[in-house]
Amino acid sequence: MLNVGIVGATGYTGEKIVDILLKHPQVRISYVCAKIEKAQELSEIFPKFLGKVDLVCDNLNVEKAIKSCDLVFLAVPHKISMEIAPMFLKADKIVIDLSADYRLKNIEEYKTWYGLAHKDKKNIENAIYGLPELYRERIKQAKLIANPGCYPTAAILALAPALTSEIVDTNSIIIDAKSGATGAGRKASLDFFFSEINENLKAYKINEHQHMPEINQFLSILASKKINAVFVPHLIPMNRGILETIYVKLNKAKSENDIITLYKRFYKTEPFVRVYDAGKVPQTRNVLDTNCCDIGLKVDKNKKLLFIVAAIDNLMKGAASQAVQNMNIVYGFKEDTGLK
Ligand SMILES: NC(=O)c1ccc[n+]([C@@H]2O[C@H](COP(=O)([O-])OP(=O)(O)OC[C@H]3O[C@@H](n4cnc5c(N)ncnc54)[C@H](OP(=O)(O)O)[C@@H]3O)[C@@H](O)[C@H]2O)c1
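Since we're looking at a predicted model, the values are computed, not measured.

Chemist: I would appreciate a short explanation of the overall build of the protein chain in the present structure.
Modeler: If you tally the helices and strands in the protein chain, you get 12 helices and 15 strands. Its C-alpha atoms give the protein chain a radius of gyration of 20 Å, near enough to 20 Å, the size a compact globule of 340 residues would have. Seen along its three principal axes, the alpha-carbon backbone of the protein chain occupies a region of about 60 × 45 × 40 Å. Out of the 340 residues belonging to the protein chain, those deemed buried represent 57%. When contacts within the protein chain are restricted to residue pairs at least 6 apart in sequence, long-range pairs at least 24 apart make up 70% of them. Entry remark: accessible area of the protein chain is about 15500 Å², with carbon and sulfur atoms responsible for 52%. Across the protein chain, the centroid of the 46 positively charged side chains sits 4 Å from that of the 38 negatively charged ones.

As structure tokens, this is what we get:
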């Protein structure tokens, strides 16, 4: 049995990881913690875990966590993981970090976009990006996994086949993204009051969202040249779900069927990427509470324009279930264990 700890267990992603691991036959949740005023049974915080999880959630005690875990999920805001991860890695534990602290290879970019100097430069080099569809073989050997951001997961999976087959103009990428409110975490702020979100739709951080360097870093690797995609996120009055509509010019005359065939071939063996047939378009409700990324494609031959629509659940393929998928790969468990 694998002993697993969750740091940040009272947050949206932490809660989801507990949910998933309770269905995982090879895992025991042996430690939970958060930034908490008074230690409490996790089932007091989440009554749905009554009779299922018998653990007290207190502030982080690294020594205790190291004694009781083989692997830890860090489901904490960025800036915190780089303080915590080195201690677990030094104790030879596996770390899967859901924050942004180990995703960017360029520490100057981290400073620019996250507003502070990185405190753990050594481990950035060793961190493996936790996108199984592209980096499965590296994940198998990983000690530290940088779990991808939610928007980047959908954008990178949506564009990978088009970029690696060099059929698109890499200077023409426009990513129009929409996310439900849980994408920002479970913290009280005016922007996320019901009456601020409900019956409203707004663009925010237009072409200056902190996920842009991550998206551009991995799109550039896929295209083997520098990419600077346009990215416009929107907040929509839903709890969960991300829908990205991507517009990109084709640099070769390609029919819609050719491109759908290319995408289906690229993801042929991938259990969690579903490429739709012609004329069908993903919706967020189709991926809710699943580890799936659904992709739909449309071509305007006259305009030589490719439309790619990708949908994920930001708390699942965008965070918690992808993190568990990575754990399954590291330990050689069947990849969809606990995720079906
Ligand atoms: N939400 C998403 O869709 C999503 C998707 C991909 C990646 N992520 C990333 O995943 C991470 C967690 O996101 P989230 O949405 O779950 O955030 P959240 O709902 O705000 O939860 C954050 C958790 O971290 C705990 N925490 C804060 N400071 C801590 C500290 N110093 N030591 C221990 N625990 C601490 C919080 O405890 P208290 O509640 O007691 O303060 C809470 O349990 C973030 O880095 C986020 O960017 C989130």
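Chemist: How should the domain arrangement of the protein chain be read in this particular structure?
Modeler: It is common to give the size of an interface as the accessible area that goes away when the parts come together. Taken domain by domain, the protein chain consists of domain 1 (2–147 + 319–331) and domain 2 (150–312). A C-alpha centroid distance of 25 Å is found between domain 1 and domain 2. Of the residues lining the interface, 22 residues belong to domain 1; the matching set on domain 2 comes to 28 residues. Interface of domain 1 and domain 2: buried area, both sides summed, is about 2100 Å²; carbon and sulfur atoms make up 57% of it. In terms of surface lost to domain 2, no three residues of domain 1 exceed Tyr-12, Trp-113 and Glu-133, which account for 30% of the buried area on that side. Here domain 1 is connected to domain 2 by four salt bridges. With its nearest N and O atoms 3.1 Å apart, the salt bridge here joins Asp-289 to Lys-16. On inspection of domain 1 and its partner domain 2, the count reaches 13 residue pairs in polar contact (both at pLDDT 80 or more). Contributing elements (two or more residues each) for the side of domain 1 that touches domain 2: helix H1 (12–21), helix H5 (107–114), helix H7 (132–140) and helix H12 (320–330). Looking at the side of domain 1 that touches domain 2, the element that brings in the most residues is H7, giving four residues. Looking at the side of domain 1 that touches domain 2, its residues break down into nine nonpolar, six polar and seven charged.

Chemist: How should the sheet that holds strand S7 (residues 128–129) be read in this particular structure?
Modeler: Pairing is parallel across the open sheet formed by six strands, whose spatial order is S2-S1-S5-S6-S8-S7. Looking at strand neighbours, the two that pair on one side only are strand S2 (27–33) and S7, the edges of this open sheet. Where strand S5 (residues 71–74) meets strand S6 (residues 94–97), four bridges bridge the pair, whose relative direction is parallel. Within S6, the residue paired with Leu-74 across the bridge is Asp-97. Along the sheet, H1 contacts strand S1 (2–7), S2 and S5; its crossing angle with S1, the most-contacted strand, is approximately 160 degrees.

Chemist: Can you help me understand the site of the ligand in this one?
Modeler: Close to the ligand lie 26 residues, the nearest being Thr-10, Thr-13, Lys-35, Val-76 and Arg-186. Here an oxygen atom of the ligand sits 2.3 Å away from a polar atom, N or O, in the main chain of Lys-35. At a separation of 3.4 Å, an oxygen atom of the ligand approaches a polar backbone atom of Leu-98. Classifying every residue of the shell around the ligand by side-chain character gives 12 nonpolar, 11 polar and three charged. Taken domain by domain, the shell around the ligand gets at least three of its residues from each of domain 1 (2–147 + 319–331) and domain 2 (150–312).

Chemist: Mind showing me how you'd approach the side chain of Ser-81 here?
Modeler: Secondary-structure assignment places Ser-81 in helix H4 (residues 81–90). What makes Ser-81 buried here is its relative accessible area of 0%. Apart from residues lying up to four places away in sequence, Ser-81 is in contact with Leu-74, Val-76, Pro-86, Asp-97, Ser-99, Asp-101 and Tyr-102.

Chemist: Just to check I follow, could you spell out the state of the cysteines for this structure?
Modeler: As used here, a disulfide is simply a covalent bond connecting the sulfur atoms of two cysteines. With the rule as written, the count across this model stands at zero disulfides. The thiol sulfur of Cys-33 is not disulfide-bonded, and the nearest other cysteine sulfur, from Cys-57, lies at 6.4 Å. Using a relative accessible area of 1% as the deciding quantity, one classes Cys-33 as buried. Not part of a disulfide, Cys-69 finds its nearest cysteine sulfur in Cys-33, a span of 8.9 Å.

Chemist: When you look at the packing of H1 against H12 in this model, what are you seeing that I'm missing?
Modeler: Packed helix pairs are characterised by how far apart their axes lie and by the angle those axes make with each other. It is the contact of H1 with H12, at a shortest axis distance of 8 Å, that shows an interaxial angle of 50 degrees. The angle between H1 and H12 places the two elements in the oblique class. Here H1 and H12 pass one another in a crossing that is right-handed. Contacts between H1 and H12 involve Thr-13, Lys-16, Ile-17, Ile-20 and Leu-21 from the first element and Ala-320, Ser-321, Val-324 and Met-327 from the second. Grouping the constituent residues of the contact of H1 with H12 by class yields six nonpolar, two polar and one charged.

Chemist: What's the story with the pairing of strand S12 (residues 242–249) in this structure? I'm lost.
Modeler: Moving residue by residue along a regular strand, the side chains alternate between the two faces of the sheet. Relative to S12, strand S9 (residues 174–179) runs antiparallel, the two being bridged by six bridges. The residue bridging Ala-177 from the neighbouring strand is Glu-244, located in S12. The pairing of S12 with strand S15 (residues 305–312) spans eight bridges and is antiparallel. Bridge pairing in S15 links Glu-244 to Ala-310.

Each value, and the rule that gives it
- Residues numbered from 1 in each chain as written.
- Predicted model: local features only at pLDDT ≥ 70, side-chain atom pairs only at ≥ 80, totals over all residues.
- Heavy atoms only, no water.
- Helix = DSSP H or I, 4+ residues; strand = E, 2+ residues; numbered from the N terminus.
- Rg over C-alpha atoms; globule rule 2.2 N^0.38 Å.
- Buried < 20%, exposed > 50% of the residue type's maximum accessible area, 1.4 Å probe, protein only.
- Contact = heavy atoms within 4.5 Å.
- Areas by Shrake-Rupley, 256 points an atom, 1.4 Å probe, with all protein chains shown as cover.
- Lys, Arg positive; Asp, Glu negative; His and termini not counted.
- Charge placed at Lys NZ, Arg CZ, Asp CG, Glu CD.
- Domains from an automatic or database assignment.
- Buried area = accessible area lost by both parts, 1.4 Å probe.
- Salt bridge = Lys/Arg side-chain N within 4 Å of Asp/Glu carboxyl O.
- Polar contact = N/O pair within 3.5 Å; in protein donor to acceptor, adjacent residues only side chain to side chain.
- Nonpolar A, V, L, I, M, F, W, Y, C, P; charged D, E, K, R; others polar.
- Pairing = 2+ DSSP bridges.
- Axes fitted to C-alpha atoms, helices over the stretch in contact; angles between N-to-C directions.
- Near = heavy atom within 4 Å.
- Disulfide = S-S within 2.5 Å.
- Parallel < 35°, antiparallel > 145°, perpendicular 65-115°, else oblique.
- Left-handed = near helix turned anticlockwise from the far one by under 90°.

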